[in-house]
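Breakdown of the fold
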Amino acid sequence: MPAISVALLPVLASLTLGQTGARLTEEQVMERLRPIPVFLALGDKGAPVTATRSGKATVGVFFRKAECEAFVAALKSKPGFSNVQTVPISLADLYANRTKLAALAYQPIPQEKAKALSLAKADKPALKDFASVALFYVVTKKGVYVTITQNDQPRVPLFFSSEEAEAFLARAKGTPGAADIAMKVTTLESVLSLFLSGPAKDTAQILLVPHRGALAEIEKPSGQ
C-alpha cells in the first residue's frame, strides 16, 4: 500500500479561481478524471437522456449504478423511454464532451451526501444541505494535508467514499506529524474548477480516488 506521510501542501487551502501560474493541460486534467466511473441514462441513439431542472435541460451524472438504475426505471414507465439503459463511462470522457451536452447535473450518492453534511456542519452549523458531490480528505488542525506517495511524489488523496477516507484516516493516525488529524470534505465541482484554473504546481498534487463500490459495479458482469 502507498506510504502515508504529512506534507505542507497548498492545495485545497483556498479553492479560488483566477490564480496565476502555469495550469494543467487539458490532457493532464483528463488523466486525473479517467479513473472515475460515472453512470448515465442513454436513450435509443446513445444520447444521454435530459431532464429539466429550473427550466434548464440537464444530463444526470450518477456516481453509483443503483441511483442511475432507479432513474432509468422511473423513465421506462413513461412513453418513449422503454429502451433507456444505464451505461458506465469515464468521468474524463464525459468531461471532454461537456460543451456538446446539456448542463451536467452531478448527483450525490445519498449516504455520502449525509456524511458530507455532518462534516460540513462542524464548520458551518447553520448548513441545511450538501447538494454537491462530496470528496473527502484528511488534514491536521493546522492545515497540513495527509498524503500518500505515488511515483515518488506526495499526493493528496480525495476520496469519493467516506468509508475509504475513514480507513485512510485510521491508517494515518500514529504517523509522525499527524497529530490531531481529521476528515474534511470539499466538492467535486470546486476541484474541477481548481483543475482548470489553479496553478499546476498545486493541482498536480491532487489524486482523485474512485469509489470502490462504483468500480465493483462496472467490473461485475451484466445481470449479476
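These notes cover the structure that comes with them. (Residues numbered from 1 in each chain as written. Predicted model: local features only at pLDDT ≥ 70, side-chain atom pairs only at ≥ 80, totals over all residues. Heavy atoms only, no water.)

As for the side chain of Thr58
Selection rule: Numbering of helices and strands starts at the N terminus; helices are DSSP runs of H or I of at least 4 residues and strands are runs of E of at least 2. Any N or O atom pair separated by 3.5 Å or less is treated as a polar contact, with the protein-specific requirement of one donor-capable and one acceptor-capable atom, and with residues adjacent in sequence counted only for side-chain atom pairs. Note on definitions: a residue-residue contact is assigned when non-hydrogen atoms from the two residues lie within 4.5 Å.
Mapped onto the elements, Thr58 comes out in strand E4 (residues 56-62). Looking at Thr58, its side chain comes within polar contact range of the side chain of Arg53, at 3.3 Å. Discounting chain neighbours no more than four positions away, the residues touching Thr58 are Val49, Thr50, Ala51, Arg53, Ala102, Ala103 and Ala105.

A word on empty space enclosed by the protein
To be explicit about the condition: Here the term cavity refers to a set of points on a 1 Å grid, laid over the protein atoms alone, in which a 1.4 Å probe fits but cannot get out; the term pocket refers to an open set having protein on both sides within 12 Å along at least five of seven lines, with lining residues being those that place an atom within 4 Å of a point. Grid points are joined across faces, edges and corners, and a volume is the space filled by probe spheres set on the points. We call Asp, Glu, Lys and Arg charged. Ala, Val, Leu, Ile, Met, Phe, Trp, Tyr, Cys and Pro are nonpolar, and the rest, Gly among them, are polar.
For the structure on display, the rule yields two cavities of 30 Å³ or more. A volume near 50 Å³ is recorded for the largest cavity. Around the largest cavity, the lining residues are Phe63, Pro108, Ile109, Glu112, Lys113, Ser132, Val133, Ala134 and Phe160. Its residues assigned to classes, the lining of the largest cavity shows six nonpolar, one polar and two charged. The computed volume of the second largest cavity comes to approximately 30 Å³.

As for the layout of surface pockets
If a probe the size of a water molecule is rolled over the atoms, the empty space left behind becomes visible. By volume, the largest pocket is sized at about 300 Å³. If you trace the largest pocket, you find it lined by Leu119, Ala120, Asp123, Lys124, Leu127, Phe130, Tyr137, Lys184, Val185, Thr186, Thr187 and Ser190. Of all the elements in the fold, those that place two or more residues in the lining of the largest pocket are helix H4 (110-123) and strand E10 (181-187). It is E10 that contributes the most residues to the lining of the largest pocket, four residues altogether. Broken down by class, the residue content of the lining of the largest pocket amounts to six nonpolar, three polar and three charged.

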